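Residues per chain are reported as follows:
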Amino acid sequence: MSIQSPGLFIAFEGGDGAGKSTQAARLSETLQSRGLSVLRTREPGGTPIGEKLRSLVLDHGHGTIDARTEALMFAAARAAHASQVIRPALAEGTVVITDRYIDSSVAYQGAGRGLGAEGVLALNQWATEGLHPDLTVLLDVDPSDGRRRRTAGDATEDRLESEPDEFHSAIRQAFLQRAGAAPSSYLVLPANADIETLAAQILERVESLLAGHGDGEPVNPVLRTGETVPGDRP
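The rules we used
- Residues numbered from 1 in each chain as written.
- Predicted model: local features only at pLDDT ≥ 70, side-chain atom pairs only at ≥ 80, totals over all residues.
- Heavy atoms only, no water.
- Helix = DSSP H or I, 4+ residues; strand = E, 2+ residues; numbered from the N terminus.
- Buried < 20%, exposed > 50% of the residue type's maximum accessible area, 1.4 Å probe, protein only.
- Areas by Shrake-Rupley, 256 points an atom, 1.4 Å probe, with all protein chains shown as cover.
- Salt bridge = Lys/Arg side-chain N within 4 Å of Asp/Glu carboxyl O.
- Phe/Tyr/Trp six-rings, centres within 6.5 Å; stacked < 30°, edge-to-face > 60°.
- UniProt positions renumbered as here; feature names shortened; annotations may be inferred.
- Contact = heavy atoms within 4.5 Å.
- Polar contact = N/O pair within 3.5 Å; in protein donor to acceptor, adjacent residues only side chain to side chain.
- pLDDT = per-residue confidence, 0-100.
- Core = buried A, V, L, I, M, F, W, Y, C linked by side-chain atoms within 4.5 Å.
- Expected span 1.5 Å × (residues − 1).
- Arc of directions from axis to C-beta.

### Concerning the overall build of the chain
Moving on, step 1. In terms of regular secondary structure, the chain is built from eight helices and five strands.
Moving on, step 2. Starting at the N terminus and ending at the C terminus, the chain contains elements arranged as β-α-β-α-α-β-α-α-β-α-α-β-α.
Moving on, step 3. Classification of the 234 residues of the chain by burial places 50% in the buried group.
Moving on, step 4. As displayed, the chain offers around 10400 Å² of accessible surface, 52% of which is attributable to carbon and sulfur atoms.

In structure tokens:
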């Protein structure tokens, strides 16, 4: 089984410790086992420059990074990711699964850092030339639960993960607001649900998208700069 070009673009979002990587991997493995061409990637990262920026913006020890610089670094990594990795893969009919995308910047820098959702969204719309996911899977996690998950065992927190719970609460609300503004483009699930149950619910939604994707038309079209998905945020 294979899908026709253009491919399908799926983003996993949520607070730190929500289990995005686990579910992205499960979905990727399942789709690949069915013969689909799948690319699993992450942000920041996915390209050589993106991985370098990831280290600079997430690792401790690089000195003070002010909010605007942080937002620009994430947007720069995303611009390279969208141009060099995501768009070419979609053009070949690949299912692209990314761990984080634009919503993370709107939540973390827009809400968490107080830069405002509109400005951060506009920056990233420009950086990606308006490329939106066909589906965003939002794993909703309580900040205290997320911290417990990500510090289990000997795990340490990165620069953003180590922010206080108030920061992560603001992020959580921003994610939920994004999903509430365009419910048809999101699948919101409780992160504390059983892993198998979550995987089944995500697969069911993706299967419905693939079923309507056989004519080769994108579920959400690749947008030109300045355009928005119908029913989505400006």
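### Overview of the pattern of salt bridges
Moving on, step 1. With the rule as written, the count across this model stands at 13 salt bridges.
Moving on, step 2. The partner of arginine 172 in a salt bridge is aspartate 142, with the nearest N and O atoms 3.5 Å apart. Here arginine 172 is found in helix H7 (residues 165-181), whereas its partner aspartate 142 is found in the loop between strand S4 (135-140) and helix H6 (143-150), with 30 residues between them in sequence.
Moving on, step 3. Given a relative accessible area of 25%, arginine 172 falls into the partly exposed group.
Moving on, step 4. A salt bridge links aspartate 145 to arginine 148, with the shortest nitrogen-to-oxygen separation between them at 2.4 Å. One end of the pair, aspartate 145, and the other, arginine 148, are both in helix H6, three residues apart, so they sit about a helical turn from each other.
Moving on, step 5. The class of aspartate 145 is buried, set by a relative accessible area of 15%.

### Brief notes about the packing of aromatic side chains
Moving on, step 1. On inspection of all chains with the given rule, the structure shows three aromatic pairs.
Moving on, step 2. Between tyrosine 108 and phenylalanine 167 the ring centres are 6.1 Å apart and the planes differ by 65°, which places this aromatic pair in the edge-to-face class. Separated by 59 residues along the polypeptide, tyrosine 108 in helix H4 (residues 102-112) and phenylalanine 167 in helix H7 bring together distant segments of the chain.
Moving on, step 3. Taking the centre distance of 6.4 Å and the plane angle of 75° together, the rings of tyrosine 108 and phenylalanine 175 count as edge-to-face. Of the two residues, tyrosine 108 is situated in helix H4 and phenylalanine 175 in helix H7; the sequence distance between them amounts to 67 residues. Neither residue differs from the other here; tyrosine 108 and phenylalanine 175 are each classed as buried.
Moving on, step 4. One aromatic cluster is present, formed by Tyr108, Phe167 and Phe175 through successive ring pairs.

### Overview of the UniProt feature "binding site: ATP" (unreviewed entry) in the chain
Moving on, step 1. Here the UniProt-annotated "binding site: ATP" (unreviewed entry) positions come out as Gly14, Gly15, Asp16, Gly17, Ala18, Gly19, Lys20 and Ser21.
Moving on, step 2. Position of aspartate 16 relative to the elements: it lies in the loop between strand S1 (8-14) and helix H1 (20-33).
Moving on, step 3. On the basis of relative accessible area, aspartate 16 is assigned to the buried category, the value being 11%.
Moving on, step 4. Setting aside residues no more than four positions away along its own chain, aspartate 16 makes contact with Arg100, Tyr108, Val141, Gly146, Arg150, Glu161 and His168.
Moving on, step 5. Polar contacts involving the side chain of aspartate 16 include one to the side chain of arginine 100, which spans 3.3 Å.

### Concerning the confidence of the model for the chain
Moving on, step 1. Overall, the prediction assigns the chain a mean pLDDT of 87, with 88% of residues at 70 or greater.
Moving on, step 2. With pLDDT under 50 throughout, residues 1-5 is counted as low confidence; its partners more than four residues away or in other chains account for 20 contacts.
Moving on, step 3. The low-confidence segment residues 215-234 (pLDDT under 50) makes 41 contacts with residues lying over four places distant or belonging to another chain.

### Structural notes on the nonpolar core
Moving on, step 1. Grouped together as the largest cluster of nonpolar side chains are 24 residues, with contacts concentrated most on Ile10, Leu27, Leu31, Ile97 and Val206.
Moving on, step 2. With six residues, helix H8 (residues 195-211) is the single largest residue contributor to this core.
Moving on, step 3. If near-sequence neighbours (up to four positions away) are discounted, leucine 27 is found in contact with Ile10, Phe12, Ile97, Ile202, Leu203 and Val206.
Moving on, step 4. Counting 18 residues, the second largest nonpolar core, distinct from the first, contains Phe74, Ile171, Ala179 and Ala182.

### Examining H8
Given 3.6 residues per helical turn, the α-helix brings residues three or four places apart onto the same face.
Moving on, step 1. Spanning 17 residues, H8 covers 24 Å between terminal C-alpha atoms, matching the ideal 24 Å at 1.5 Å per step.
Moving on, step 2. Residues of H8 that are buried include every one of Leu198, Ala199, Ile202, Leu203, Val206, Leu209 and Leu210, and no others. Relative to the axis of H8, the buried residues are bounded by an arc of 125° and lie together on one face. Those residues of H8 that are exposed and aimed more than 90 degrees away from the buried face are Glu204 and Ala211.
Moving on, step 3. Buried residues in H8 make contact with S1, H1, strand S3 (95-99), S4 and strand S5 (186-190).
Moving on, step 4. Capping of H8 at its N-terminal end is provided by aspartate 194; its side-chain oxygen lies 3.0 Å from the backbone amide nitrogen of glutamate 196.

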